[in-house]
Amino acid sequence: MNLILRTSAFALIALSSSGAQAQAPAAAPQAAPSAAPQARAANPYLSQEDAAARTARISSLAYAIDITLTGEPTFSSSTQLSFDLSDASTPLTIDLDKATIRKLVVNGKSLPPDYNNWFISLPASSLRKGHNSVTVDYSREHSTSGEGLHRYVDKADGRVYLYTHFEPAAAHQMFPSFDQPDPKATYTLTAIAPKDWFVISSTPETRVEDQGANRRWTFPTTPRLSAYNFSMHAGPYKMWQDTSGPIPMRLFVRQSVSDQVVPAEWFRITKAGLAYYDDYFGIPYPFKKYDQILVPQFIYGAMENAAAITFTETRFLSDQPMTTERSRNLSSVILHEMAHQWFGDLVTMRWWNGLWLNESFASYMQTLASSKADGADATWPAFFQSKQGAYATDSSITTHPVEVPVASTANAFDNIDSITYNKGASVLHQLRKLIGDEVFQRGVHEYLVAHAYGNATLDDFIGAMSSASGRDLRPWAQEWLYLPGVDKLSADFACADGKISRFQLLQSPANAANPTLRKQRVQVALFNAAGGKLALSTKQVVDYAGASTAVPAFLGAACPDLVYPNYEDWGFVKVVLDPASFATARTHLAQVDDTMLRSMLWRSLIDGRNEGTLALQDFIGAVLDNLAREPDSALLSQALEALNSARSYLRIFGGAQAAVLSTRIEDTLWTGLLADADDRDRGTDWFDTYVDAAGSKVSLDKLRGILDGRVAIGGMEISQEQRWMIVRQLNRFDAPGSAALIAAELKRDSSERGQLAALAATVIRPDPAVKQEWLGKLQAMDGSEPFSRLRVVMSSLYPEGQGALAEASAEQRLASLAQIDAKADPVFLRNYASQMVPTACTPASVARLQQAIDASGALSPAVRRALQSKHEADQRCVNIRAKYEAAAGSR
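Predicted model only: the values in this text are computed from it and were never measured.

1. With respect to the overall build of the protein chain
And then number 1: Secondary structure assignment for the protein chain yields 28 helices and 28 strands.
And then number 2: For the protein chain, the C-alpha radius of gyration of 28 Å lies close to 29 Å, the compact-globule estimate for 891 residues.
And then number 3: Along the longest, intermediate and shortest principal axes, the C-alpha atoms of the protein chain span 90 × 70 × 60 Å.
And then number 4: Counting the 891 residues in the protein chain, one finds 59% classified as buried.
And then number 5: For the protein chain, the exposed area adds up to about 32,200 Å²; of that, 52% sits on carbon and sulfur atoms.
And then number 6: The positive charge centre, built from 84 side chains, and the negative charge centre, built from 94, are 1 Å apart in the protein chain.

2. What about the state of the cysteines?
And then number 1: Under the definition given, this model contains 2 disulfides.
And then number 2: Disulfide partner of C841: C877, at an S-S distance of 2.1 Å. Taking the torsion about the sulfur-sulfur bond, which here is approximately -95 degrees, the covalent link between C841 and C877 counts as left-handed. On the criterion of sequence distance, the pair formed by C841 in the loop between α26 (826-836) and α27 (843-854) and C877 in helix α28 (residues 861-889) is long-range, its members being 36 residues apart.

3. Looking at the packing of helix α17 (residues 680-693) against helix α18 (residues 697-708)
And then number 1: Remark: α17 packs on α18, axes separated minimally by 9 Å, with the N-to-C direction vectors making an angle of 125 degrees. If you check the angle between α17 and α18, you find them oblique. Relative to α18, α17 is oriented so that their crossing is left-handed. Along its contact with α17, which presents F687, Y690 and V691, the element α18 presents S699, K702, L703 and I706.

4. Let's talk about the sheet that holds strand β25 (residues 533-544)
And then number 1: The 3 strands are arranged β25-β24-β27 in an open sheet whose pairing can be described as antiparallel. The open sheet has two edge strands with one neighbour each: β25 and β27 (562-564). Direction aside, neighbouring strands of the sheet carry axes that sit 20 degrees apart on average.
And then number 2: With 3 bridges joining them, strand β24 (residues 520-530) and β27 adopt antiparallel strand pairing. Among the inter-strand pairings, L526 is bridged to a residue of β27, identified as V563.
And then number 3: Packing against the sheet, helix α12 (residues 579-588) makes contact with β24, β25 and β27, and its axis sits at approximately 105 degrees to β27.

5. Side note on the environment of S788
And then number 1: Mapped onto the fold, S788 is located in helix α23 (residues 787-796).
And then number 2: Residues S788 and I299, spaced 489 residues apart in sequence, show a C-alpha to C-alpha distance of 6.8 Å.
And then number 3: With sequence-adjacent residues up to four places away left out, S788 is seen in contact with Q297, E752 and L756.

6. Details of the sheet that holds strand β17 (residues 290-295)
And then number 1: Ordered by their spatial adjacency, 5 strands build an open sheet running β15-β16-β17-β19-β18, and the pairing between neighbours is mixed. Across the chains shown, the open sheet's two edge strands, defined by having one partner strand only, are β15 (238-242) and β18 (302-303).
And then number 2: The sheet contacts of helix α2 (residues 263-281) involve β15, β16 (249-253), β17 and β19 (308-312), and relative to β16 the element is tilted by about 140 degrees.
And then number 3: Its contacts with the sheet place helix α4 (residues 324-342) against β17, β18 and β19, and it is angled at close to 130 degrees to β17.

7. Here we look at the pairing of strand β13 (residues 214-218)
And then number 1: For strand β10 (residues 186-194) and β13, the ladder comprises 5 bridges, and the chain directions are antiparallel. Bridged to A193 within β13 is R215.
And then number 2: Once strand β12 (residues 207-211) ends, the chain turns through 2 residues before running back antiparallel as β13, passing G212 with a positive phi of about 65 degrees.

8. Details of empty space enclosed by the protein
And then number 1: Under the defined criterion, the tally for this structure stands at 7 cavities of 30 Å³ or more.
And then number 2: In this structure, the largest cavity spans a volume of roughly 110 Å³.
And then number 3: Taken together, R254, V257, Q260, P296, Q297, E313, T314, L317, S751, E752, R753 and L756 form the lining of the largest cavity.
And then number 4: Residue classes in the lining of the largest cavity are distributed as 4 nonpolar, 4 polar and 4 charged.

9. Quick look at the layout of surface pockets
Unoccupied space between atoms shows up once a probe the size of one water molecule is rolled over them.
And then number 1: By volume, the second largest pocket amounts to about 1,100 Å³.
And then number 2: Looking at the second largest pocket, it is lined by 44 residues, and the ones nearest its centre are K98, S145, E147, Q173 and D825.
And then number 3: Ranked by residues supplied to the lining of the second largest pocket, first place goes to α26 with 4 residues.
And then number 4: Classifying every residue of the lining of the second largest pocket gives 20 nonpolar, 10 polar and 14 charged.

10. So, helix α9 (residues 437-450)
And then number 1: Taking 1.5 Å as the rise per residue, α9 with 14 residues should run 20 Å; its terminal C-alpha atoms sit 20 Å apart, in good agreement.
And then number 2: Looking only at α9, the buried set comprises V439, F440, G443, V444, Y447 and L448.

11. Topic: unusual backbone geometry
And then number 1: Omega for the bond connecting E167 with P168 falls within 30 degrees of zero, at 5 degrees, which places this linkage in the cis form.
And then number 2: In this structure, P168 sits in the loop between β9 (160-165) and β10.
And then number 3: The step from D182 to P183 runs through a cis peptide bond, and the omega angle for that step is 20 degrees.
And then number 4: Residue placement: P183 occurs in the loop between β9 and β10.
And then number 5: Here the phi dihedral of S60 falls at roughly 50 degrees; this positive angle occurs in a residue that is not glycine.

12. A short note on the packing of aromatic side chains
And then number 1: Tallied over the full model, the rule gives 44 aromatic pairs.
And then number 2: Ring centres of F175 and F230 lie 6.1 Å apart, and the angle between their planes is 90 degrees; this geometry places the pair in the edge-to-face category. Residue F175 is located in the loop between β9 and β10, and its partner F230 is located in the loop between β13 and β14 (232-235); the two are separated by 55 residues in the primary sequence.
And then number 3: Exposure remark for F230: the relative accessible area of 1% places this residue in the buried category.
And then number 4: On the basis of an interplanar angle of 20 degrees and a centroid distance of 3.9 Å, the ring pair of F343 and F361 is categorised as stacked. Pair noted here: F343 is in the loop between α4 and β20 (347-349) and F361 is in helix α5 (residues 355-374), with a separation of 18 residues, a long-range link.
And then number 5: The exposure class assigned to F343 is buried, which follows from its relative accessible area of 1%.
And then number 6: An aromatic cluster is defined as three or more aromatic residues linked by ring pairs; in this entry it consists of Y276, Y277, Y280, F281, Y285, F287, Y290, W342, F343, F361, Y447 and F461.
And then number 7: Its guanidinium or amino end placed over the ring of F119, R40 lies 4.1 Å from that ring's centre, counting from NZ or CZ.

13. Considering the confidence of the model for the protein chain
And then number 1: Taken as a whole, the protein chain shows an average pLDDT of 93; of its residues, 96% reach a score of 70 or greater.
And then number 2: Under a pLDDT of 50 for its full length, residues 5-35 has, in the predicted model, 90 contacts with residues more than four places off or in other chains.

14. Digging into the packing of helix α15 (residues 633-653) against α28
And then number 1: Look at α15 against α28: their axes get within 11 Å of each other, and the N-to-C directions meet at 80 degrees. If you check the angle between α15 and α28, you find them roughly perpendicular. Contacts between α15 and α28 pair Y649, L650, I652 and F653 from the former with C877, I880, R881 and Y884 from the latter.

15. A closer look at the pairing of strand β8 (residues 148-153)
And then number 1: Note: β8 against β9, 6 bridges, orientation antiparallel. Residue pairing for β9: H150 is matched across the bridge by Y163.
And then number 2: Counting the residues that bridge the hairpin from β8 to β9 gives 6 residues, and of these G158 lies at a positive phi of roughly 80 degrees.

16. Looking at the pattern of salt bridges
Pairs can form between side chains of opposite charge whenever their charged atoms are close.
And then number 1: Counting across every chain of the model gives 42 salt bridges.
And then number 2: Note that R216 and D66 form a salt bridge whose closest N and O atoms lie 3.2 Å from each other. Taken together, the residues R216 in strand β13 and D66 in strand β1 (residues 58-68) connect sequence positions 150 residues apart.
And then number 3: Taking the relative accessible area as the measure of exposure, D66 reaches 30% and is therefore partly exposed.
And then number 4: Among the ionic pairs, R732 bridges to E800, the shortest N-O distance being 3.3 Å. In this pair, R732 sits in helix α19 (residues 720-732) while E800 sits in the loop between α23 and α24 (803-815), placing the two residues 68 residues apart along the sequence.
And then number 5: The class for R732 is buried, based on a relative accessible area of 9%.

Procedures and definitions
- The numbering scheme is per chain: residues are counted from 1 as the chain's sequence reads.
- Reporting in this predicted model follows two pLDDT cut-offs: at least 70 for local features of residues, and 80 or more for side-chain atom pairs to be given and counted; totals over whole chains, interfaces and linings ignore these cut-offs and use all residues.
- Processing note: side-chain calculations cover all non-hydrogen atoms of the structure and skip hydrogens and water entirely.
- Strands here mean DSSP runs of E at least two residues long; helices mean DSSP runs of H or I at least four residues long; both are numbered from the N terminus.
- This radius of gyration counts C-alpha atoms alone. The globule rule is 2.2 Å times how many residues there are, raised to the power 0.38.
- Each residue is assigned to one of three classes by its accessible area relative to the maximum for its type, calculated with a 1.4 Å probe on protein chains only: buried under 20%, partly exposed between the two thresholds, exposed over 50%.
- With residues, only the protein chains shown are counted as cover, and all accessible areas are computed by Shrake-Rupley using a 1.4 Å probe.
- Under this rule, positive means Lys or Arg and negative means Asp or Glu; His and the chain ends count for nothing.
- Here the site of a charge means NZ on Lys, CZ on Arg, CG on Asp, or CD on Glu.
- Criterion for a disulfide: a pair of cysteine sulfur atoms within 2.5 Å.
- Between the N-to-C directions of two axes lies an angle of 0 to 180 degrees, each axis being a line fitted to C-alpha atoms and, for a helix, fitted only over the stretch in contact.
- The cut-offs work like this: below 35 degrees is roughly parallel, past 145 is roughly antiparallel, 65 to 115 is roughly perpendicular, and the gaps in between are oblique.
- Here a crossing is taken to be left-handed if its near helix is turned anticlockwise relative to the far helix by less than a right angle, and right-handed if that turn runs clockwise.
- When checking whether two residues touch, look at their non-hydrogen atoms; a contact exists if any pair is within 4.5 Å.
- Think of it this way: DSSP has to see at least two bridges between two strands before they count as a pair.
- Space inside and on the surface of the protein is sampled on a 1 Å grid over the protein atoms alone, with a cavity defined as a set of points where a 1.4 Å probe fits but cannot get out and a pocket as an open set with protein on both sides within 12 Å along at least 5 of 7 lines; lining residues have an atom within 4 Å of a point.
- Grid points are joined across faces, edges and corners, and a volume is the space filled by probe spheres set on the points.
- Residue polarity follows a fixed list, in which Ala, Val, Leu, Ile, Met, Phe, Trp, Tyr, Cys and Pro are nonpolar, Asp, Glu, Lys and Arg are charged, and the others, Gly among them, are polar.
- A helix is expected to span 1.5 Å multiplied by its residue count minus one.
- Centres within 6.5 Å are what make two rings of Phe, Tyr or Trp a pair, Trp counting through its six-membered ring; a difference in plane orientation under 30 degrees is then read as stacked, over 60 as edge-to-face, and the rest as tilted.
- Our definition puts a charge over a ring when NZ of Lys or CZ of Arg is within 6 Å of the ring centre and also within 35 degrees of the ring normal.
- Values of pLDDT, the confidence the predictor places in each residue, fall between 0 and 100.
- We define a salt bridge as a side-chain nitrogen of Lys or Arg found within 4 Å of a carboxyl oxygen belonging to Asp or Glu.

Structure follows, in structure tokens:
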């Protein structure tokens, strides 16, 4: 799964607030069934203990699903479960969510269903040791939450589209099931649907028969899959296909937006990726076809359903030609989900504590595959950038180990964050550097072969790597996977007569609550300025450990102008440049030809701002001085994002100096935009950043002129998406006539994207009545609005610069947090807690959040961590503000 839409939201999620350093076992054990099984708790979730007990009894599981789809809000189905039981002496539960059961037949006998809207309980008297058969006839409403069997009515043409999303445990929102990763099962699907629809599943259909206004679709039995990897999607999708390779490929998208995809690009990436993974894993692609479906109102970035991968429309549809960055992003996500077809679908974790390994591995494999397709210069700087959120989270008091227990399906996504995706991938990179590229690849192959079509644990993976490398990697796993926190690494050196006389690496914990100092292999590089360039003088591979590690190989080398102690980003460690190197980075950034190093030095400037080494105004000055001279489009995008973040702080701070700096930012962005207007990649980044940064009358007038066609930007064409960005920004500042622009733009674009963009522009307006209305709708949680719209509301309701409006509801939002926590489902709660907990960048706001933390004993761990994360961010903002004001006062 790809969580590209939840990056900031998941920064708040961690295992515990304690950051304790207790020794962990070599692996999180699977819960064993107790001698006297307890009745399953009557709630929507499945505990690991109950799941393990059920798995211990069940084998040879198969589903036969016969479903009727009409496009109406309700669907009906008859599903048969066939399985063997090793123990029939106690009741058995079957998961089924909020269905109307018409008939229940167990081993040939009709039973009145013992059903609580979450699961069916089968009495022991109805079961038998050996083979069992259960048939459930039922109907259920389609979901509108993005989980289960989701129904969407296209606002453009009224067509109905369906798709499934089952991770972590929503398969039972479509059919009765043992909704857990283990045991795996086979699935045989038959579906009746309107004649103009496609039905798409994990196997290619074998027969499609006309039945009046409908067609009956018959699919062959699947290989063994976990419930969350099976899927079914249906509707009058537009379809393209490519049969030029050994695996037939198809692409599906809604009819009304079918002109916004370039099928050839999708097929090119997919075909190359399949060839790469076939070779890397040494195992042919395990399914019979490769379908990709773009779906509306999807709550994540993409999902690795076996042979039928779903993607969010909002990220991958565009009415303009793709920029290089968007093309690379599309490639990365396709390759991520494709890696899951082997690592996640072919071999699946036993329980949700293993989800991190699925996601980390797919993230790392997408990087390896991308480096082959796009080149190292494009790929590894992006990998370095992806780690920054993990560094921030792992430095926080809210961090957690990579491998954590998961008590129930309610907690399956509690720790799905930058630690899961980015630290995990970085740790795999470190492992690959430690044992060697070929050994790592051999270990992966052995792991996949040993557990094909089955389930596995972290112990199994580490065992395969240990076997391939000939070394016991359990101590490595203990240090990196079971202990939280990231360390800081810096160079400490002295020179005499122009030569290095002393050199050591210093390691310290980024957060004292997590004091583990790890062993790690890095490259240390020395650079000297000469001839207008900052050039590499020498580099050395170093295995360091403990608080200090001497590097005698550098003794006698020319005294460097800059030392980078994690050159080429082998390690997972926060680099802190020594004072001399930091000064060189500020003044010589444009003189660095090495793209990877330049990316790292840009990051050092950002870290300097966040950690108080560099006042905000000095950071802005350094960025503006180097911005236009940045030749790499991806790094330009990185620098522009950092500049926009600084602009956000200025909006919070306010005052005369902020106004002056903001004007300078706007002028620099406009100049850069005009200079690069004919370069699609750079021009798009300049434009998007200018829109986000605009706030003065001059810049807002320019935006209105662009919208009206009065202001031209060279030959640059403005897309519909960019028009909506302008409308939103004009409404953010209540520019004259901005409210009327929303309805006018909707006439141009009434699509799903247009509707959501109009909602964002409405909610962001500085109107107290609008804020209160939508806050009420958010907190009602009555199902009247789909989650896709509520998520937009959360992200737009209280932007920077509307401090007074945010403060008007701050106390109420904090006071109602416990009520929201008690009622909300996990998906809603994660987004709400990350977006709606109030911060104001003042000591009083920091104290208010601390009071809320002190009184948060009854809150769920996820919401408590959200409070702690917000508290840390608010304190950081206060610190940046103090440094900013002190610097202003001294000049």
